[in-house]
Amino acid sequence: MTIKLITSFVLAFLFATAFGKYYIPWLRAQKAGQEIKGQVEWHKSKSGTPTMGGVMFILAVTFVCLTVGFEGMLQGNFVHIFVLLFAWVFGLIGFLDDWEKLKKKQNLGLTAKMKFLLQLVAALVFVLLMREIGYVRPNLYIPFTNKVIPMPEWLYFVFASFVIVGTVNAVNITDGLDGLSTSVTIPVAAFFAVLGVVWKGFPQLGVFGGAMAGGLLAQYQGAVDVNMGRGAIVIGLAAVII
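Residues numbered from 1 in each chain as written. Predicted model: local features only at pLDDT ≥ 70, side-chain atom pairs only at ≥ 80, totals over all residues. Heavy atoms only, no water.

**Student:** Explain the packing of helix α1 (residues 2–29) against helix α2 (residues 54–67) to me, using residue names and the numbers behind them.
**Tutor:** Two elements in contact, α1 and α2, have axes whose closest approach is 8 Å; the angle formed by their N-to-C orientations is 140°. In terms of orientation, α1 and α2 fall into the oblique class. The handedness of the crossing between α1 and α2 comes out as right-handed. Seen from α1, the contacting residues are Ser8, Leu11, Ala12, Phe15, Ala16, Phe19, Gly20, Tyr23 and Ile24; seen from α2, they are Val55, Met56, Leu59, Ala60, Phe63, Val64 and Thr67. In the contact of α1 with α2, the residues fall into 13 nonpolar, three polar and no charged. (Axes fitted to C-alpha atoms, helices over the stretch in contact; angles between N-to-C directions. Helix = DSSP H or I, 4+ residues; strand = E, 2+ residues; numbered from the N terminus. Parallel < 35°, antiparallel > 145°, perpendicular 65-115°, else oblique. Left-handed = near helix turned anticlockwise from the far one by under 90°. Contact = heavy atoms within 4.5 Å. Nonpolar A, V, L, I, M, F, W, Y, C, P; charged D, E, K, R; others polar.)

**Student:** Account for the nonpolar core, naming residues and giving values.
**Tutor:** With 24 residues, the main nonpolar core has Phe57, Val61, Val64, Cys65, Leu84, Phe208 and Met212 as its most contacted residues. The set of elements that each furnish at least two residues to this core consists of α1, α2, α4 (79–104), α7 (180–198) and α8 (203–221). Looking at this core element by element, the count peaks at eight residues for α8. When residues no more than four places from it in sequence are discounted, the contact partners of Leu84 are Val61, Thr62, Cys65 and Phe208. In this structure, Ala122, Met151, Tyr156 and Phe157 belong to the second largest nonpolar core, which totals 16 residues. (Core = buried A, V, L, I, M, F, W, Y, C linked by side-chain atoms within 4.5 Å. Buried < 20%, exposed > 50% of the residue type's maximum accessible area, 1.4 Å probe, protein only.)

**Student:** A description of the packing of aromatic side chains should follow, citing residues and the corresponding values.
**Tutor:** Scanning all chains against the criterion turns up seven aromatic pairs. Ring plane angle 75° and centroid distance 4.5 Å describe the contact between Phe86 and Phe126, whose orientation is recorded as edge-to-face. Of the two residues, Phe86 sits in helix α4 while Phe126 sits in helix α5 (residues 112–133), which places them 40 residues apart along the sequence. Judged on exposure class, the residue Phe86 and its partner Phe126 are both buried. An angle of 65° between the planes, with centres 6.2 Å apart, marks the rings of Tyr156 and Phe157 as edge-to-face. Residues Tyr156 and Phe157 agree in their burial class; the two are buried. Clustering of aromatic rings is evident, with ring pairs tying together Phe15, Phe19 and Phe63. (Phe/Tyr/Trp six-rings, centres within 6.5 Å; stacked < 30°, edge-to-face > 60°.)

**Student:** Tell me about α5, residues and numbers included.
**Tutor:** Spanning 22 residues, α5 covers 32 Å between terminal C-alpha atoms, matching the ideal 32 Å at 1.5 Å per step. Taken together, the buried positions of α5 are Lys115, Gln119, Leu120, Ala122, Ala123, Phe126, Val127 and Met130. Directly beyond the C-terminal end of α5, a positive phi value near 105° is found at Gly134. (Expected span 1.5 Å × (residues − 1).)

**Student:** Lay out unusual backbone geometry with the relevant residues and their values.
**Tutor:** Trans peptide bonds make up most of the peptide bonds, and negative phi angles are found at most residues other than glycine. The backbone of Asn146 shows a phi angle near 60°, a positive value even though the residue is not glycine. Overall, the relative accessible area of 66% leaves Asn146 in the exposed class.

This is the structure in structure tokens:
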């Protein structure tokens, strides 16, 4: 399993780095630059920096999940694929937001209400699906106490959905303009990768965590050349779902 985690990390890093060599120049050629709010004077130097850099990250993670995680899928373990699919759903919401910004040539894309509604619906569908499959139970676990508090299912669904959306947007706010969410999430991804080895029964999530760490490191290396854009939403979702 340790070899798989190392392979996941290295492959994701190499994939994102190699893809970025062509993708970032293409973004520049398309003039896919980030518009900066006028009131943020000290950020104006970043105006025009290519956005939608999160595409590098999510493609790298997808590649690793489908290759390194293939053996686990043959054994019927698809938990990492569920996380990946919903990362793509949230990534699509982020893409629509970035696209609106580029189309309008301004810093504002989708309205806050529209983004919140789309994210909340996606999170609720995810939690319902995980409950139906049996991956989650309507219980609130208290860390470090080994205590579990049973919750009514409807309350658990609402609570879990708001936790997902809240965490996703917290990471998105952290992102800023200089890859801040990337640097703070790398240790989180590495922790879950190691947990995949220590905590038996979740090897596929370990593969996902390793891929996250590798893809994020490649993204962080190129933070000065490209903005994550709303790809930070994907990072937040992956971190909270794992």
